[in-house]
Amino acid sequence: MTAAVDNACAPLARVSGDELRVPLVQGGTATYANFDYAASAPALAQVTDRVQQLLPFYASVHRGAGYASRISTECYEAARGSVAKFLDAADDQVVVFTRNTTDSLNLLASCVPGDTVVLDIEHHANFLPWTRQGRRVVQAADTVEETVGRLVAELCSKPAALLAVTGASNVTGEVLPLERLATIAHQCGARILVDAAQLAPHRRISLRDTGIDYLACSGHKLYAPFGAGVLVGKRDWLDAAQPYLSGGGAVREVTTTGAEWANAPQRHEAGSPNVLGAAALAAACDTLCAINAETLAAHEHRLADHLRHGLAVIPGVRLLRIWSDSTDSVGIVAFALDGFAPGHVAAYLSAEHGIGVRDGRFCAHPLLARLGLDGALRASIGLGTTSADVDRLIEAVSTLVRTGPTWDYAATNGLWNPTPETRPFTSTAPTGAAPCLIG
């Protein structure tokens, strides 16, 4: 075992569920250790406070003269300013509210006037939508430098409209040189889109300074799990494209023979918008803006380094990475454990130690295939993670290797169902449906 982190790391912010107690298979309960931030991050206290404050005034936005509608409209439109400030958007970039990163990327895919170049390591959300106008896939090399070289070669081979890259890998957390890639894309006559679903919660990003043309991210990964995401980017493509959805709010005038569409962002926000989701996302952006960027990076670096070093000395653990020369990553640690199915390890960590991790192929099937794996485990760190949490995870994996599990997870298909008495909610699902495991 490794020693605990020097000068133990405390949480950087208060998040919902930080005192959650979960049942254990051997009896009793434990405080939940959340290492699944990369899937969905818990709500910041400031986010839940903002939503609670707005709920009494919640009403349909735009064109409403009632007081509640006016307040909701002001909050909804002000949320664009919070997002723009958080991402340091340029003057010619607009903020379009969507459901999530996947929605944002599909929206942009409907606006791109030509081919899109992507890497084979992308999350499915930044891999599948680009086929509409022409997708050109570049195989990532074993090093960042060679990967960048392959992108240059592809962009120079024939014109492309867009280079779409991950900001930070959702599997390994490794970060590409985004400002350099933006310069390369522009020199080759293309624009650049960054899937920042995993980067935005960990790093401050300046669209203005980096030259990034478009960026997509999700509220539910940014400590605002209320169903909103954003696409931020240059107005011209968004104004020239057909509306992502046709309906009320996206138009200036409608006749029986056609419609005059509004400009972005309204052009792509038809229907009643998610006011509470936008307000929650704005509150998260405001809160993250107030956290010193260097403090955030140091907190995450220390915890992630300690986790990697602690796991590396456990027999059978294989830490995953894409590039041998990568030196920058966010707080995501992916690993495999010889002799153990990832799903069974995740079930063991939950049932016997109260620890939540993610298992599977992480919606990045081509990347897992490149790594020679059918599945893996992912532990992700966030604002609420502590050094004690990291020590618990290292010790739990070490115990599994030394002594094995106390429950036969293979016999139960990797599932252990707590008793109904331990759940705050009961299932109302039809007979035969999967049980409600909330709690």
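Everything that follows concerns the structure shown earlier in this document.
Here is what the cut-offs are and how they apply
Residues numbered from 1 in each chain as written. Predicted model: local features only at pLDDT ≥ 70, side-chain atom pairs only at ≥ 80, totals over all residues. Heavy atoms only, no water. Axes fitted to C-alpha atoms, helices over the stretch in contact; angles between N-to-C directions. Helix = DSSP H or I, 4+ residues; strand = E, 2+ residues; numbered from the N terminus. Parallel < 35°, antiparallel > 145°, perpendicular 65-115°, else oblique. Left-handed = near helix turned anticlockwise from the far one by under 90°. Contact = heavy atoms within 4.5 Å. Nonpolar A, V, L, I, M, F, W, Y, C, P; charged D, E, K, R; others polar. Buried < 20%, exposed > 50% of the residue type's maximum accessible area, 1.4 Å probe, protein only. Pairing = 2+ DSSP bridges. Phe/Tyr/Trp six-rings, centres within 6.5 Å; stacked < 30°, edge-to-face > 60°. Lys NZ or Arg CZ within 6 Å of the ring centre and 35° of its normal. Salt bridge = Lys/Arg side-chain N within 4 Å of Asp/Glu carboxyl O. Expected span 1.5 Å × (residues − 1). Core = buried A, V, L, I, M, F, W, Y, C linked by side-chain atoms within 4.5 Å. 1 Å grid on protein atoms, 1.4 Å probe; cavity = no way out; pocket = protein on both sides within 12 Å on 5 of 7 lines; lining within 4 Å. Points joined across faces, edges and corners; volume = space filled by probe spheres on them.

Asker: Where do I start with the packing of helix H9 (residues 293-312) against helix H12 (residues 387-403) in this structure?
Answerer: Between two packed helices, what matters for the description is the angle formed by their axes and the separation of those axes. Between H9 and H12, whose axes approach to 10 Å, the crossing angle comes to 15°. Put simply, H9 runs roughly parallel to H12. In this structure, H9 meets H12 at a crossing whose hand is right-handed. Residues Leu-303, His-306, Leu-307, Gly-310 and Leu-311 of H9 touch H12, and the partners they reach there are Ser-387, Val-390, Asp-391, Leu-393, Ile-394 and Val-397. Looking at side-chain class alone, the contact of H9 with H12 contains 7 nonpolar, 3 polar and 1 charged residues.

Asker: Before we go on, may I ask you to explain the side chain of Ser-218 in this structure?
Answerer: Within the secondary structure, Ser-218 sits in strand E9 (residues 214-218). A relative accessible area of 2% places Ser-218 in the buried class. Excluding residues that lie within four positions of it along the chain, Ser-218 makes contacts with Asn-100, Thr-101, Ala-228 and Gly-229.

Asker: What is the right way to read unusual backbone geometry from this model?
Answerer: Residues apart from glycine generally show negative phi values, whereas peptide bonds are mostly found in trans. For the peptide bond that leads from Ala-264 to Pro-265, omega is 10°, which places it in the cis range. Within the secondary structure layout, Pro-265 lies in the loop between strand E12 (258-261) and helix H8 (275-289). One non-glycine residue, His-62, adopts positive backbone phi at about 70°. For His-62, the location among the structural elements is in the loop between helix H1 (45-54) and helix H2 (67-87).

Asker: What am I meant to see in the sheet that holds strand E4 (residues 93-98) here?
Answerer: Spatially, the 7 strands line up as an open sheet ordered E4-E10-E9-E8-E7-E5-E6, and their pairing is mixed. Among the strands making up the open sheet, the edge pair consists of E4 and strand E6 (135-138). Sheet twist, expressed as the average angle between the axes of neighbouring strands with direction ignored, equals 20°. For strand E8 (residues 191-195) and E9, the ladder comprises 3 bridges, and the chain directions are parallel. Paired with Leu-193 across the strands is Tyr-214, a residue of E9.

Asker: What's the story with the packing of aromatic side chains in this structure? I'm lost.
Answerer: For any pair of aromatic rings, the description rests on two quantities: the centre-to-centre distance and the angle between the ring planes. In the structure shown here, the tally under the stated rule is 4 aromatic pairs. Measuring from ring centre to ring centre gives 5.2 Å for Tyr-76 and Phe-97, while their planes differ by 45°; the resulting arrangement is tilted. Of the two residues, Tyr-76 sits in helix H2 while Phe-97 sits in strand E4, which places them 21 residues apart along the sequence. Summarising the burial analysis for this pair, Tyr-76 and Phe-97 share the class buried. Directly above the aromatic system of Phe-127 lies the positively charged group of Arg-135, at a separation of 4.2 Å from the ring centroid.

Asker: I keep staring at the sheet that holds strand E16 (residues 358-360) and nothing clicks. Help me out?
Answerer: Hydrogen bonds along the backbone pair up the strands of a sheet, which may run parallel or antiparallel. Strand order across the open sheet formed by 4 strands is E13-E14-E17-E16, with antiparallel pairing between neighbours. Each having just a single partner strand, strand E13 (317-319) and E16 make up the two edges of the open sheet. Across the sheet, the mean angle from the axis of one strand to that of its neighbour is 30°, orientation sign disregarded. In the sheet, strand E14 (residues 332-337) pairs with strand E17 (residues 376-380) via 4 bridges, with the strands oriented antiparallel. When the bridges of E17 are listed, Ile-332 appears paired with Ser-380. Of the strands in this sheet, E14, E16 and E17 are in contact with helix H10 (residues 342-353), which crosses E17 at around 40°.

Asker: Please explain the environment of Gly-382 as it appears in this structure.
Answerer: Looking at the element boundaries, Gly-382 is found in the loop between E17 and H12. Measuring from C-alpha to C-alpha, the distance between Gly-382 and Leu-303 comes to 9.7 Å, with 79 residues separating the pair along the chain. Every residue in contact with Gly-382, bar those within four places of it in the chain, is listed here: Tyr-37, Tyr-223 and His-299.

Asker: What exactly am I supposed to notice about the pattern of salt bridges here?
Answerer: A pair can form between side chains of opposite charge whenever their charged atoms are brought close. Per the stated rule, a full pass over the model turns up 21 salt bridges. In this structure, Arg-358 engages Asp-36 in a salt bridge whose closest nitrogen and oxygen atoms are separated by 2.5 Å. Here Arg-358, found in strand E16, pairs with Asp-36, found in the loop between strand E3 (33-34) and H1; they are 322 residues apart in sequence, far enough to count as distant. Its relative accessible area of 11% is what places Asp-36 among the buried residues. The salt bridge partner of Asp-92 is Lys-234, with a shortest N-O separation of 3.0 Å. Of this pair, Asp-92 sits in the loop between H2 and E4 while Lys-234 sits in strand E10 (residues 229-234), and the two are 142 residues apart along the sequence. Each of Glu-77, Arg-80 and Glu-269 takes part in salt bridges that share partners, so that together they form one network.

Asker: Teacher, can you tell me more about H8 here?
Answerer: Along an α-helix, residues three or four positions apart point the same way, because every turn accommodates 3.6 residues. Over its 15 residues, H8 extends 21 Å from the first C-alpha to the last, a length consistent with the 21 Å expected when each residue adds 1.5 Å. Taken across its 15 residues, H8 has 13 buried, putting it largely inside the fold.

Asker: Quick question: what am I supposed to make of the nonpolar core here?
Answerer: The nonpolar side chains of soluble globular proteins are, as a tendency, buried together. Within the largest apolar cluster, 85 residues are counted, with the highest numbers of intra-cluster contacts made by Val-83, Phe-97, Leu-163, Leu-181 and Ile-205. Look past the residues within four positions of Ile-205 in its chain and what remains in contact with it is Phe-86, Leu-87, Asp-88, Ala-196, Leu-199, Ala-200, Ile-212 and Leu-215. Grouped together as the second largest cluster of nonpolar side chains are 32 residues, Leu-303, Ala-304, Leu-307 and Ala-351 included.

Asker: What's the story with empty space enclosed by the protein in this structure? I'm lost.
Answerer: Unoccupied space between atoms shows up once a probe the size of one water molecule is rolled over them. The final tally for this structure, using the stated rule, is 4 cavities of 30 Å³ or more. By volume, the largest cavity amounts to about 50 Å³. Estimated volume of the second largest cavity: approximately 40 Å³. Along the walls of the second largest cavity sit Phe-86, Ala-200, Pro-201, His-202, Arg-203, Arg-204, Leu-288, Ile-291 and Leu-296, which together make up its complete lining. Along the lines of polarity and charge, the residues of the lining of the second largest cavity split into 6 nonpolar, 1 polar and 2 charged.

Worth remembering: the numbers are spatial, not functional.
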